[in-house]
Amino acid sequence: MAKILALDTSTDACSVALEVDGERTEIFKVIPRKHTHELLPMVEQILAGAQLSVRQLDAVAFGRGPGSFAGIRIATGVTQGLAFAADLPVVPVSSLAALAQGYYRASNDHNSQIITALDARMNEVYWGGYKIQAGIAKRVLEEQVCPPDKLVIDLDTSYVAVGSGFNYLEQMSGAVRNQLSSIEVQVYPHALDIVAIASAEYILGNTVIAEDAQPVYLRNQVAWKKKDQQ
């Protein structure tokens, strides 16, 4: 089985995870504004614990956003650097999908529709809809960004709400609130859940080369330069 390293810095949390032959480990810290200093030492720590080098990996995965612009750039840049140096494929994973995967990991709820949302600042939320299929969060509603009162969920069912975007619940429509079966606000994307999704994607061959590992901001005015353009 594959050896995959995963990184996430899309929120105030910073995490790295490693899957080796189906076994997963994670280092997770909530460290606002310290990601730049802590991420690489955390990578070194988790690899040392498994007695692995980067070149012994099969792939690198990362939380490609949406989320904090600065945070997403950090994870993207480190991922590009590691993958480029070791000639490894990259698996970009949505931070919104990681939230849904984290809900499943904690609840083992196979049946619920899951709406995840992150605070996008500027009185907006990033959000998307997911369903668990064969243990993996699969998108059923497109990821988008909008003001809380413009959020419309086109699902004829109740849903589980996960993520900091639901701090804006009172600004959301009555129709949205009436579809809510439960809500978990104080949660972060985890690299542990990114590596779970990435493992399934890697098996399917859904990887990119290092220079094509791109952040996803959902706001069109934000530009990102590839490694060879920086």
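All values derive from a computational prediction rather than experimental measurement.

Definitions and limits used
Residues numbered from 1 in each chain as written. Predicted model: local features only at pLDDT ≥ 70, side-chain atom pairs only at ≥ 80, totals over all residues. Heavy atoms only, no water. Helix = DSSP H or I, 4+ residues; strand = E, 2+ residues; numbered from the N terminus. Buried < 20%, exposed > 50% of the residue type's maximum accessible area, 1.4 Å probe, protein only. Contact = heavy atoms within 4.5 Å. Pairing = 2+ DSSP bridges. Axes fitted to C-alpha atoms, helices over the stretch in contact; angles between N-to-C directions. pLDDT = per-residue confidence, 0-100. Expected span 1.5 Å × (residues − 1). Polar contact = N/O pair within 3.5 Å; in protein donor to acceptor, adjacent residues only side chain to side chain.

**Quick look at the environment of Trp 127**
So, step 1. Within the secondary structure, Trp 127 sits in strand β7 (residues 125-133).
So, step 2. Overall, the relative accessible area of 1% leaves Trp 127 in the buried class.
So, step 3. For Trp 127 and Ala 117, which are 10 residues apart along the polypeptide, the C-alpha to C-alpha distance reads 4.1 Å.
So, step 4. Those residues in contact with Trp 127 that sit more than four places away from it in its chain are Leu 96, Ile 115, Thr 116, Ala 117, Leu 141, Glu 142, Glu 143, Gln 144, Cys 146, Leu 151, Val 152 and Ile 153.

**Description of the environment of His 110**
So, step 1. Tracing the chain through its elements places His 110 in the loop between α3 (95-107) and β6 (113-119).
So, step 2. Judged by relative accessible area, His 110 falls into the partly exposed class, the value being 40%.
So, step 3. Counting along the chain gives 25 residues from His 110 to Gly 135, while the straight-line C-alpha distance between them is 7.4 Å.
So, step 4. If near-sequence neighbours (up to four positions away) are discounted, His 110 is found in contact with Tyr 104, Lys 131 and Ile 132.

**Brief notes about the sheet that holds strand β10 (residues 180-184)**
So, step 1. Strand order in this open sheet of five strands is β8-β7-β6-β9-β10, and the pairing throughout is mixed. The open sheet has two free edges, formed respectively by β8 (136-146) and β10, since each of these has just one partner strand. Strand-to-strand twist across the sheet, computed as the mean angle between neighbouring axes with direction ignored, equals 20 degrees.
So, step 2. The pairing of β7 with β8 spans eight bridges and is classified as antiparallel. Bridging across to β8, Val 125 finds its partner in Cys 146.
So, step 3. Strands in contact with α3 are β6, β7, β8, β9 (159-162) and β10; relative to β6, the strand with the most contacts, it is inclined by about 130 degrees.

**A look at the confidence of the model for the chain**
So, step 1. Summary statistics for the chain give a mean pLDDT of 94 and a share of 95% for residues scoring 70 or more.
So, step 2. Confidence drops under a pLDDT of 50 for residues 221-230, and excluding neighbours within four residues, the segment shows 22 contacts in the predicted structure.

**Observations regarding α3**
So, step 1. In a regular helix each residue adds 1.5 Å, so 13 residues correspond to 18 Å; α3 covers 18 Å between its end C-alpha atoms and thus fits that length.
So, step 2. Among the 13 residues that make up α3, 10 are buried, leaving the element largely enclosed by the rest of the structure.
So, step 3. Its side-chain oxygen placed 3.0 Å from the backbone nitrogen of Leu 96, Ser 94 serves as the N-cap of α3.
So, step 4. Positive backbone phi, approximately 55 degrees, marks Asn 108, located one or two places after α3.

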